[in-house]
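# A structural walkthrough
Chain by chain, the residues:
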Number of protein chains: 2
Amino acid sequence: MTAATPKGERRRQALVEAAAGLLVDGGFDAVRHRAVAERAGLPLASTTYYFDSLDELVTAALEFHGRAELEYGKARLDELDPGECGGEAFIDLVLDLLLGPPAGDRDAEAVLLRYERLVATGRRPYLRPLMRKLSGELHGLLLDIFTRAGQPVGRERVEELIALVDGAVVNALIEISPDPRAAARRMLAKAMQPR
Amino acid sequence: MTAATPKGERRRQALVEAAAGLLVDGGFDAVRHRAVAERAGLPLASTTYYFDSLDELVTAALEFHGRAELEYGKARLDELDPGECGGEAFIDLVLDLLLGPPAGDRDAEAVLLRYERLVATGRRPYLRPLMRKLSGELHGLLLDIFTRAGQPVGRERVEELIALVDGAVVNALIEISPDPRAAARRMLAKAMQPR
DNA sequence: AGTAATTTGGTACGGTTGTGCCAGATTACT
DNA sequence: AGTAATCTGGCACAACCGTACCAAATTACT
C-alpha cells in the first residue's frame, strides 16, 4: 500500500531505508518484518500496513539501494580525469562501479552481498525487471566511462569485462581468506593490457 | 555421528542421497531435517541421530553431489575424441563440465543452483575446504581436457575461461527468460576463437 | 542365551517466521 | 466542529524450524 499522509510517507520511507540497510548488512534473509521495524524504530504492524507483503518491502529496499549506487557511480564519472585511461586508477574506478566502493576489512562481505543479490534474483523472478533496469544503467555508465577515458569500447566488450570481473569474484569466494576485489583486479588488468 | 552397523550405514547413506536430491532441486534452503527424512522415507529423528547438526548433513550432501559430478566429468574426458579441438562439440564439453549436463527446460534452474552453491559458500565458511577441493579437481580436469584436445593451455588461461563462463551465467540470471548456458556459450566461443 | 551397544521413532520444547485482527489515536476534509 | 479516512501498535495465530529426550526395538558380541 502507498502512504496518503506526509507523516505516513516519512514512516514508509524510514522502513525502506531500514530494509535497505539490512539488505546491505545481511543479505535478503536479513530483511524480516520484525528486523525492519526494530531498525526503523517502528512497531511491527507498520511493516505490514505500508507493504502488502515482504516481497514488496524487499523490492523497495533493493530499488532504494540500487538508485543510491547509481548516483555514486555517476558522481565518480563526473569527477573522472580525462587524462587517465589505462592506469591503476582507471581499473580501480571500474572495480568501484562493479563492486562498490572498497569497504576495508569488510570488503569481502560487502562484495559477497552483491553477488548474493544477483544470484538470489534467480529464485525471485519478481525482482528481475528491477535488476535488469539497474544493470542496464550500470552498463551504460561503464560505456560512458570508457569513452570519456579515451578508450571507447563496444557493448560486447563491456559485457565481456563485466563477466570476467563477476566470474573472478564468485571463484574467489571459496578461498580460505577471500579477497574477491583483488582477484577481479588481476583479471581485469590482464584483460585490459594491450596485446 | 557415524554409523556402526550395516543397516545403519545404508540408512545414513539414504539420508545423504535424499539431502543431495533436495540440494539439487531447491538449493541449500531446501535441505531441512524434516524434508530429508520424508524424502528418504525415514523418521525425523534419524536425521539428528546420524548427523550432529544440519551443517554436517549439508556438507555430506554437497560432497556426495560434487563427487558424482566429478565422476561424470572424468567419464566425459575418457570418451573425448582427440581429433576434436576447437569445434562446437568441444565448447559444449567444457560447458557440460562447468555447468553440468544440459537439463532441458529445467536447465536454467539447474545452472542457477551451481552458483547458489558457490555464493552460499561465502556465508558458510565450513564448506570452503570442500568447495576448494572440488573446484581444484575440476580445474585439473579442464587442464587435462585442453591438453588432450591438442590445445594445451596454462593454469591462468583456464581460470580466465572459467571466470568468463561464471560471469556470463550470473549476468544471464536476471533476464526475463534466463538461458545462462547459451550466454556462457557465446562468451566462451568468442574467447576461444583464434585472433 | 544373555548382556551391552546401537538404532528406532514418536513426541515435545523453545524459537522465529509471515501475516491477520482490531480498538483506539491521529489526521484530513467539509 | 464533526465526520470520514488514515494510521497506530499491541497482540495472537498457525506454520515452520533445529534439536533434545527417551522408552522400546533391534543388532552385535561374549
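Let me sum up the structure you'll find in this document. (Residues numbered from 1 in each chain as written. Chains lettered and ligands numbered in written order. Predicted model: local features only at pLDDT ≥ 70, side-chain atom pairs only at ≥ 80, totals over all residues. Heavy atoms only, no water.)

## Comments concerning the protein's contact with DNA strand C
For clarity, the threshold we go by: Throughout, the term near means that a residue has one or more heavy atoms lying within 4 Å of the molecule or strand in question. Whenever two N or O atoms come within 3.5 Å, that pair is a polar contact, provided that in protein one can donate a hydrogen and the other can accept it, and provided that, for residues adjacent in sequence, both atoms are side-chain atoms. Secondary structure elements follow DSSP: runs of H or I of four or more residues count as helices, runs of E of two or more count as strands, with numbering from the N terminus. Residues are sorted three ways: Asp, Glu, Lys and Arg are charged, Ala, Val, Leu, Ile, Met, Phe, Trp, Tyr, Cys and Pro are nonpolar, and all the rest, Gly among them, are polar.
As a structural note, the neighbourhood of DNA strand C is formed by 20 residues, with Leu54 of chain A together with Ala4, Arg11, Tyr49 and Tyr50 of chain B the closest of them. Atoms of DNA strand C within 4 Å of the protein: sugar and phosphate make up 63%, bases the balance. Taking Arg32 of chain A, its side chain carries an N or O atom lying 3.4 Å from a phosphate oxygen of DNA strand C. Residue contributions to the surface near DNA strand C peak at four residues, all from helix α3 (residues 44–50) of chain B. Grouping the amino acids of the surface near DNA strand C by side-chain chemistry returns ten nonpolar, five polar and five charged.

## Looking at the protein's contact with DNA strand D
If you check the shell around DNA strand D, you find 21 residues, and the closest are Ala4, Arg11 and Tyr50 of chain A together with Arg34 and Leu54 of chain B. When atoms of DNA strand D within 4 Å of the protein are sorted by moiety, sugar and phosphate together comprise 66%. Note that a phosphate oxygen of DNA strand D is positioned 2.6 Å from one of the side-chain N or O atoms of Tyr50 of chain A. Between His33 of chain B and DNA strand D, the recorded distance is 3.4 Å, taken from a backbone N or O atom to a phosphate oxygen.

## Digging into the nonpolar core
Inclusion rule: Side-chain atoms within 4.5 Å link the members of a nonpolar core, which is a set of buried Ala, Val, Leu, Ile, Met, Phe, Trp, Tyr and Cys residues. Only protein chains enter the area calculation, which uses a 1.4 Å probe; residues under 20% of their type maximum are buried, those over 50% are exposed, and those in between are partly exposed. The contact rule is simple, with two residues in contact once any of their heavy atoms fall within 4.5 Å.
Judged by nonpolar contacts, the single largest core of 123 residues is most densely connected at Leu99, Tyr115 and Val165 of chain A together with Leu99, Tyr115 and Val165 of chain B. Once you skip the residues sitting within four places of it in the chain, Leu99 of chain A turns out to touch Val111, Arg114, Tyr115, Val165, Val169, Arg181 and Ala184 of chain A.

## A closer look at the interface of chain A and chain B
Many structure descriptions define interface size as the accessible area lost when the parts assemble. Rules: Buried area is calculated as the accessible area (1.4 Å probe) missing from two parts once they are joined, with the contributions of both summed. Salt-bridge detection follows one rule: a side-chain nitrogen of Lys or Arg within 4 Å of a carboxyl oxygen of Asp or Glu.
In this complex, chain A contributes 35 residues to the contact, which on the side of chain B involves 36 residues. For the pair chain A and chain B, the summed buried area comes to about 3100 Å², and 59% of that belongs to carbon and sulfur atoms. If you look at where chain A meets chain B, you find ten salt bridges. Lys190 of chain A is the partner of Glu160 of chain B in a salt bridge, and the nearest nitrogen-oxygen pair spans 3.4 Å. There are ten residue pairs in polar contact (both at pLDDT 80 or more) connecting chain A and chain B. Elements with a contribution of two residues or more to the side of chain A that touches chain B: α6 (107–123), α7 (128–148), α8 (155–172) and α9 (180–192) of chain A.

## Focus on the environment of Val58 of chain B
Residues and elements named next belong to chain B. Among the secondary structure elements, Val58 is positioned in helix α4 (residues 54–78). Since its relative accessible area comes to 4%, Val58 is described here as buried. Once the C-alpha coordinates of Val58 and Val31 are considered, the two residues, 27 residues apart in sequence, prove to be 7.0 Å apart. Discounting residues that sit within four places of it in the chain, Val58 has contacts with Phe28, Val31 and Tyr126.

## A closer look at the pattern of salt bridges
A full pass over the atoms with the stated rule returns 34 salt bridges over all chains. For Glu109 of chain A, the salt bridge identified is with Arg123 of chain B, shortest N-O distance 3.7 Å. Residue Glu109 of chain A is found in helix α6, and its partner Arg123 of chain B is found in helix α6 (residues 107–123); the two belong to separate chains. Exposure remark for Arg123 of chain B: the relative accessible area of 35% places this residue in the partly exposed category. Arg185 of chain B is paired through a salt bridge with Asp92 of chain B; the nearest N and O atoms lie 2.8 Å apart. Within this pair, whereas Arg185 of chain B is found in helix α9 (residues 180–192), its partner Asp92 of chain B is found in helix α5 (residues 88–99), the two being separated by 93 residues in sequence. The partly exposed category is assigned to Arg185 of chain B, whose relative accessible area is 29%. The network of salt bridges with common partners includes Arg76, Glu79, Asp96, Asp107 and Arg181 of chain A.

Worth remembering: the numbers are spatial, not functional.
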